[in-house]
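# Fold and contact review
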Amino acid sequence: MPKAVVIGGGVGGLSAGVALRRAGWDVTVLERAAHLAPVGSGLAMAPNALKALDALDLGGRVRRLGRFEGQAGIRRPDGRPLVHTTDDDAQARYGDSMVVMSRAALMDVLAGALGEARLRLDVTVSGVDAARGVVSTGAGDLEADLVVAADGIHSATRKALFPGHPGPEYSGVTAWRALIPRSGLPIQSTETWGRGLVLGIHLLAGDLVYVYATDVSPAGAVHEDGREELLRRFGDWHEPIPALLRAADPTRIIRNDIFSFATPLPALHSGRVAFVGDAAHPMTPNLGQGACQAIEDAVVLAHLAAGSPAAEDALPAYTAARLDRTWQVVRRSMTICRLTKVRNAPAVRLRDLAMSTAARLRPDLMLRSMDDVLGWRPPAPAGRKDAPSIPADG
């Protein structure tokens with residue numbers, strides 16, 4: 001049985017481990033953290049990601065753990081809608097809607113499908129020999145036919161194997177994320193755009209609300225009290241935004257600067273190493289596709305690896321299948337990010353007018369503009385007849 005070592009136990013790494021295991025590989029996932037701590041944030045599983053999860057027999061489970069109700073769209077700070085769509089519209093167009101869930105819930109599903117024995121925690125990788133497939137750690141070397149680099153946006157593996165690449169660049173915005181109790185408030189999935197400001201709300205299972213916000217800010221700026229910072233920026237926006245922010249626990253608000261590639265990698269592989277997720281194509285969160293593209297990467301990689309006797313033969317095909325697609329998503333995400341960064345009042349009014357006018361002329365505009373992203377389908381079932389059995393949805 002061929003061996004794969006996955007560096008990183010995030011969404012991309014766990015997805016790659018599950019997909020490769022189903023494709024008949026002996027998989028070990030290495031994670032430097034001592035435990036997979038739940039992160040207080042949410043994420044969206046778009047129709048393309050749900051189809052990828054279906055290929056892993058995990059789609060039904062994820063659909064049951066998330067929720068999406070009614071309309072979704074973009075509003076102005078006074079609550080006036082600019083563009084919108086509905087769950088029914090998405091179902092009709094793609095056969096699936098958007099599932100919004102906590103990141104911790106998705107991680108639990110993926111880790112359970114991988115199996116505890118295949119996940120090694122508290123292991124730090126110190127180096128990778130791409131030609132031989134050797135991963136060096138503090139606990140010794142591991143040899144592999146395939147190494148998957150899923151070590152995140154500041155991937156040490158990527159820096160070592162592509163030393164001439166400039167790496168991710170600061171997008172110009174910082175972000176806050178929080179899970180806040182609903183407390184009986186009426187919640188409708190929406191994203192509100194102001195002058196350089198964005199705030200989104202989505203209802204999750206367990207009557208939690210996922211709130212995320214962005215603002216233009218210098219990289220590395222200090223923002224001490226997250227709740228006060230959010231209330232200062234968004235406290236006079238339409239309800240239920242102020243009420244939600246007042247109910248937030250300041251100690252559980254996560255803030256981080258947003259980085260993205262401005263230049264794609266020359267390839268998504270080097271020797272026996274394949275790159276997935278943020279290690280391969282970090283993007284701004286404006287399309288909600290970061291985790292979705294990581295899961296796509298995993299399914300495509302496993303599909304190609306299952307049909308090839310050696311990793312070196314499969315990986316050029318992996319780059320061919322994923323590099324252009326993921327780069328287009330990176331670029332589109334950054335385009336939306338630039339639109340949200342506009343602060344000049346006349347320019348904001350012009351932006352909003354263009355969006356609302358286009359939506360009136362083409363009511364399906366919001367979905368139609370995403371057809372090439374959301375309409376993706378897996379190349380084939382990820383498993384083989386001789387693959388280890390993983391419990392299906394039930």
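A quick note: this is a predicted structure, and the numbers were derived from the prediction, not measured.

## Remarks on the environment of Val 109
Looking at where Val 109 falls in the secondary structure, it is placed in helix H5 (residues 103–114). Sequence-wise, Val 109 and Leu 367 are 258 residues apart; in three dimensions their C-alpha atoms are separated by 28 Å. If we skip the residues at most four places from it in the chain, Val 109 touches Leu 58, Arg 61, Val 62 and Leu 65.

## Regarding helix H11 (residues 345–361)
Here H11 contains 17 residues, and its C-alpha end-to-end distance of 24 Å stays within 8% of the 24 Å for a straight helix at 1.5 Å per residue. For H11, the complete set of buried residues consists of Val 348, Arg 351, Asp 352, Met 355, Ser 356 and Ala 359. Buried positions in H11, seen along its axis, are confined to an arc of 120 degrees and lie on one side of it. Away from its buried face, by an angle of more than 90 degrees, H11 presents the exposed residues Arg 349, Leu 350, Arg 360 and Leu 361. Structurally, the start of H11 carries an N-cap: the backbone nitrogen of Ala 347 is 3.0 Å from a side-chain oxygen of Asn 344.

## Brief notes about the pattern of salt bridges
Counting across every chain of the model gives 18 salt bridges. We note a salt bridge from Arg 182 to Asp 207, for which the minimum N-O separation is 3.4 Å. Of this pair, Arg 182 sits in the loop between strand S12 (169–181) and strand S13 (190–193) while Asp 207 is found in the loop between strand S14 (197–204) and strand S15 (208–216), placing the two residues 25 residues apart along the sequence. The closest approach of N and O atoms between Glu 296 and Arg 325, which form a salt bridge, is 2.8 Å. A residue pair is termed long-range when its members are at least 10 positions apart, and Glu 296 in helix H9 (residues 290–306) and Arg 325 in helix H10 (residues 311–340) qualify at 29 residues. Taken individually, Glu 296 and Arg 325 each receive the classification buried, so the pair is uniform in this respect. When salt bridges that share partners are traced, they join Asp 215, Glu 229, Arg 232, Arg 233 and Arg 343 into one network.

## With respect to empty space enclosed by the protein
Counting across every chain of the model gives one cavity of 30 Å³ or more. Approximately 40 Å³ is the volume found for the largest cavity. The wall of the largest cavity is formed by Phe 261, Pro 264, Leu 265, Leu 268, Ala 280, His 281, Leu 323, Thr 326, Trp 327 and Val 330. By residue class, the composition of the lining of the largest cavity is eight nonpolar, two polar and no charged.

## Things to note about the packing of aromatic side chains
One pass over the structure, following the stated rule, counts four aromatic pairs. Between Phe 162 and Phe 275, the ring centres sit 5.6 Å apart and the planes meet at 55 degrees, which makes this aromatic pair tilted. Here Phe 275 lies in strand S18 (residues 273–275) and Phe 162 lies in the loop between helix H6 (156–161) and S12, a separation of 113 residues in the sequence. Taken together, a centroid distance of 4.8 Å and an interplanar angle of 90 degrees make the contact between Phe 234 and Trp 237 edge-to-face. Classification of Phe 234 as buried rests on a relative accessible area of 0%.

## As for unusual backbone geometry
Here the bond from Glu 239 into Pro 240 is cis, since omega is 10 degrees, no more than 30 degrees from zero. Of note, Pro 240 is situated in the loop between helix H7 (226–234) and helix H8 (241–246). Not every positive phi belongs to a glycine, and Asp 122 is a case in point at roughly 60 degrees. On the secondary structure map, Asp 122 appears in the loop between strand S7 (119–120) and strand S8 (125–129). In this model, Asp 207 sits at a positive phi of 55 degrees, which is unusual for a non-glycine residue. On the basis of relative accessible area, Asp 207 is assigned to the partly exposed category, the value being 39%.

## Notes on the confidence of the model for the protein chain
Per-residue pLDDT for the protein chain averages 92, and the proportion of residues at 70 or more is 94%. Confidence drops under a pLDDT of 50 for residues 382–394, and excluding neighbours within four residues, the segment shows 31 contacts in the predicted structure.

## Observations concerning the layout of surface pockets
The volume enclosed by the second largest pocket comes to roughly 240 Å³. Taken together, 14 residues form the lining of the second largest pocket, with Arg 76, Ala 345, Val 348, Arg 349 and Asp 352 sitting closest to its centre. Here the lining of the second largest pocket takes seven residues from H11, the largest share from any one element.

## Some points on the sheet that holds S8
If you trace the three strands from one edge of the open sheet to the other, you get S8-S9-S10, paired in antiparallel fashion. Among the strands making up the open sheet, the edge pair consists of S8 and strand S10 (140–143). If you compare each strand with its neighbour and ignore which way they point, the axes differ by 20 degrees on average. Pairing geometry for strand S9 (residues 134–137) and S10, over four bridges, is antiparallel. Bridging across to S10, Ser 136 finds its partner in Asp 141.

About the criteria used
- Residues numbered from 1 in each chain as written.
- Predicted model: local features only at pLDDT ≥ 70, side-chain atom pairs only at ≥ 80, totals over all residues.
- Heavy atoms only, no water.
- Helix = DSSP H or I, 4+ residues; strand = E, 2+ residues; numbered from the N terminus.
- Contact = heavy atoms within 4.5 Å.
- Expected span 1.5 Å × (residues − 1).
- Buried < 20%, exposed > 50% of the residue type's maximum accessible area, 1.4 Å probe, protein only.
- Arc of directions from axis to C-beta.
- Polar contact = N/O pair within 3.5 Å; in protein donor to acceptor, adjacent residues only side chain to side chain.
- Salt bridge = Lys/Arg side-chain N within 4 Å of Asp/Glu carboxyl O.
- 1 Å grid on protein atoms, 1.4 Å probe; cavity = no way out; pocket = protein on both sides within 12 Å on 5 of 7 lines; lining within 4 Å.
- Points joined across faces, edges and corners; volume = space filled by probe spheres on them.
- Nonpolar A, V, L, I, M, F, W, Y, C, P; charged D, E, K, R; others polar.
- Phe/Tyr/Trp six-rings, centres within 6.5 Å; stacked < 30°, edge-to-face > 60°.
- pLDDT = per-residue confidence, 0-100.
- Pairing = 2+ DSSP bridges.
- Axes fitted to C-alpha atoms, helices over the stretch in contact; angles between N-to-C directions.

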